[in-house]
Amino acid sequence: MANNAFSSKVGLIMAAAGSAVGLGNIWKFPYVAGENGGGAFLLVYLACVVALGLPMVATEFLIGQRSRHSAFGAFRQLNGNNRWQWLSWMCLTTSVLIMGFYFVVTGWCFNYLAEAVVNTFHAMSTDQLTAHFNGFIHSDLRMMLFSLVPIVLTAAVLWFDVNKGIEQLSKILMPLLLVMMILMVIRVLMLDNSMQGLRFFFHPDFSKITPNVILEAMGQCFFSLSIGMGALITYGAYMPPKQRVVYTSVQVAVLDTLVAVLAGVIIFPAVFSFGFNPEEGPKLAFIVLPAILEQMSLPWFSSVLFFSLLCIAALTSTISLMEVSVAYMVEVSEHWAKKNPRIKPLNRHKSVLLVAVVTIAITSLCVLSMTDAREWLSFGGHNLFDLLDDITSCYLMPLGALGMSIFVAWKMPLEGENGLTQNAKGLHRWVCIIYQQMIRWIIPIVIVVIFLYGLDIL
Ligand code: PHE
């Protein structure tokens, strides 16, 4: 694990929020909401954040705070044996698979930043923006090169162990991103037909709430809050023992949800005003955002600033994603080396290299899978990129969260020396008790029921 702690409570909250706020909010949330009924999706999503997301953020922070370990050592440390080690394996697998497609989209952001700098989107029509994006995702080489940029940058941050700098960056970035997004909201609301977009996003049509919509909303909630794969355990490990985990979690979840809702308020009015289709899928943000930015006063400056902020927001997420795998490799190799003296433990640099190489390989496969010619990279009609996106959010992260909630609820006592209610009085004590009941009963039951319904088993 990186050895520099966070300089302040705000710094830690901002860093955790930096992991949570990323492409999940600005790229993924609008397109998944657009495909799943707009307002109906938003309603189910918000319910998932309150009932599942919030307690799960607290759960991961708690695992880190009590164990002082990353995902690899945490379960062994808290349980005293290897019985829950499969959970750390799941965290590793999920982090590698998410990186596979997340870096592709981060590469799109870097490409769009480069294009914004040379003013490519100036005076492009709706159709031209769509054709431009379609052309781009069919140029494998360009996509691969642009995916390499964030992979190298992320690996460099982890290699030089400059997480402190990232904490500082998050503190500036987050407010700046919020201000930029609010300016965009104001501009978008002045467009013709914008109310139609707001109606689509805020007016729930209950007939659209299907089991699949609920499954998608749950997956999006886990993905957006970075839960169910150990990323937040790392931040928890830096929390002082007295820090109240539940309150920190509320701050992170509120910030993350605010950014996602703002993204919806920006994208949907523009979708209806410019005549795009809300069900465009993964390309939605990349065809609508340049059109909006062109309408801002100072379009060139606005575009460059926005795409720069988006790239940094994506990088603060990729750093926390890659950290899970890197910390895992360091700790697992140390563990093996203790058992077998012939095995040499991997140091942090070698682990970063190893994880970066594996990430490059999977990212390249995802890029290649996007052209129609690569049928061997499609499974059941879905290319590898879509498949990884879907499997990680809708299945692996909820499963990881299910395991972690059961672990904490049954392995970490409520009362006593190490209990959750330790030092808790008054209202805080009640919050702890409600939290424990939620992770003991509500979360496992809700996740299992959503799975069974979503998979058509019930
Ligand atoms: N939550 C991040 C986002 O919304 C993605 C992420 C998932 C980051 C899991 C770290 C771990 O973009």
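Relevant structure appears above.
First, a word on scope: everything that follows refers to the structure included in this document. These numbers come from a predicted model, not from an experiment. (Residues numbered from 1 in each chain as written. Predicted model: local features only at pLDDT ≥ 70, side-chain atom pairs only at ≥ 80, totals over all residues. Heavy atoms only, no water.)

This next bit is on the overall build of the protein chain. Helix and strand content of the protein chain: 17 helices and two strands. At 21 Å, the protein chain has a C-alpha radius of gyration in line with the 23 Å of a compact globule built from 458 residues. Total accessible area on the protein chain stands at roughly 18200 Å², and carbon and sulfur atoms take up 67% of it. Mean positive and mean negative side-chain charge positions of the protein chain (26 and 25 charges, respectively) differ by 17 Å. (Helix = DSSP H or I, 4+ residues; strand = E, 2+ residues; numbered from the N terminus. Rg over C-alpha atoms; globule rule 2.2 N^0.38 Å. Areas by Shrake-Rupley, 256 points an atom, 1.4 Å probe, with all protein chains shown as cover. Lys, Arg positive; Asp, Glu negative; His and termini not counted. Charge placed at Lys NZ, Arg CZ, Asp CG, Glu CD.)

Turning our attention to the packing of helix 5 (residues 85-117) against helix 15 (residues 348-368). Relative to each other, helix 5 and helix 15 sit at 60 degrees, their axes nearing to 8 Å. In terms of orientation, helix 5 and helix 15 fall into the oblique class. The handedness of the crossing between helix 5 and helix 15 comes out as right-handed. Each of V96, M99, G100, F101, F103 and V104 in helix 5 lies in contact with helix 15, whose residues at this interface are V355, V358, T359, I362, T363, C366 and V367. Of the residues contributing to the contact of helix 5 with helix 15, the split by class is 10 nonpolar, three polar and no charged. (Axes fitted to C-alpha atoms, helices over the stretch in contact; angles between N-to-C directions. Parallel < 35°, antiparallel > 145°, perpendicular 65-115°, else oblique. Left-handed = near helix turned anticlockwise from the far one by under 90°. Contact = heavy atoms within 4.5 Å. Nonpolar A, V, L, I, M, F, W, Y, C, P; charged D, E, K, R; others polar.)

Near the ligand you find 16 residues, and of these A20, G24, Y102, F223 and S226 are the closest. The backbone of L23 places a nitrogen or oxygen atom 3.1 Å from an oxygen atom of the ligand. Its free accessible area being 320 Å², the ligand has 100% of it covered by the protein chains. Of all elements in the fold, only helix 1 (9-20), helix 2 (23-35), helix 10 (211-224) and helix 14 (299-339) reach the threshold of two or more residues within the shell around the ligand. For the shell around the ligand, the residue count by class is eight nonpolar, eight polar and no charged. (Near = heavy atom within 4 Å. Polar contact = N/O pair within 3.5 Å; in protein donor to acceptor, adjacent residues only side chain to side chain.)

It is worth spelling out helix 16 (residues 384-411) at this point. Spacing of three or four residues puts side chains on the same side of an α-helix, whose turn is 3.6 residues. At T392, helix 16 shows its maximal bend, which comes to roughly 40 degrees. Most of helix 16 sits out of view: 20 of its 28 residues are buried. (Bend = angle between axes of the 7 residues up to and from the residue. Buried < 20%, exposed > 50% of the residue type's maximum accessible area, 1.4 Å probe, protein only.)

When you line up the elements, T130 lands in helix 6 (residues 126-136). Under the relative-accessibility criterion, T130 is labelled buried at 16%. Each residue touching T130, except ones within four places of it in the same chain, is listed here: F276, K283 and I287.

In total, this model carries 34 aromatic pairs according to the counting rule given. Between Y395 and F451, the ring centres sit 6.0 Å apart and the planes meet at 5 degrees, which makes this aromatic pair stacked. Placement of the pair is Y395 in helix 16 and F451 in helix 17 (residues 426-454), with a sequence separation of 56 residues. Since its relative accessible area comes to 9%, F451 is described here as buried. Consider the rings of W410 and W441, whose centres lie 5.7 Å apart with planes at 90 degrees: the pair is edge-to-face. (Phe/Tyr/Trp six-rings, centres within 6.5 Å; stacked < 30°, edge-to-face > 60°.)

With respect to the element layout, D140 can be found in helix 7 (residues 140-159). Not counting the four nearest positions on each side in its chain, D140 is found in contact with V367, L368, T371 and R374.

On to the pattern of salt bridges, then. The tally for this structure, following the rule as stated, stands at five salt bridges. Between R142 and E115 there is a salt bridge, with its nearest N and O atoms 3.8 Å apart. Note that R142 is positioned in helix 7 and E115 in helix 5, a separation of 27 residues in sequence. Residue class for R142 comes out partly exposed when judged on its relative accessible area of 34%. According to the relative accessible area criterion, E115 is buried, its value standing at 9%. Across the salt bridge formed by K283 and E280, the nearest N and O atoms sit 3.6 Å from each other. (Salt bridge = Lys/Arg side-chain N within 4 Å of Asp/Glu carboxyl O.)

Below, the discussion takes up unusual backbone geometry. Phi is positive for N119, close to 65 degrees, though the residue is something other than glycine. With respect to the helices and strands, N119 occurs in the loop between helix 5 and helix 6. Located in the positive-phi region is S226, a residue other than glycine, with phi close to 60 degrees. Topologically, S226 is positioned in the loop between helix 10 and helix 11 (231-236).

Relative to the helices and strands, S224 resides in helix 10. Setting aside anything within four residues of it in sequence, one finds S224 in contact with A20, N25, Y45 and D256.

What follows deals with the state of the cysteines. For the coordinates displayed, the defined rule picks out zero disulfides. Just so you know, C221 is unpaired, no disulfide at all, and the nearest cysteine sulfur is the one on C48, 5.5 Å from it. You can see C394 has no disulfide; the closest cysteine sulfur is in C48, sitting 11 Å from it. The buried category is assigned to C394, whose relative accessible area is 2%. (Disulfide = S-S within 2.5 Å.)

This part is about a nonpolar patch on the surface. Side chains of W410, W441, I442, I445, V449 and Y453 sit close together on the surface and give an oily, nonpolar patch of about 600 Å² of accessible area. A per-element tally of the nonpolar patch places helix 17 first, with five residues. Note that W410 resides in helix 16. (Patch = residues over 30% accessible without salt bridge, like charges linked within 9 Å, V, L, I, M, F, W, Y side chains within 5 Å.)

Relative to the helices and strands, S393 is located in helix 16. Among the residues examined, S393 registers a relative accessible area of 2% and is labelled buried. When the C-alpha atoms of S393 and M218 are compared, they prove to be 8.2 Å apart, with 175 residues separating the residues in sequence. Once you skip the residues sitting within four places of it in the chain, S393 turns out to touch K28, G219, F223 and P398.

Coordinates in, geometry out; function isn't part of it.
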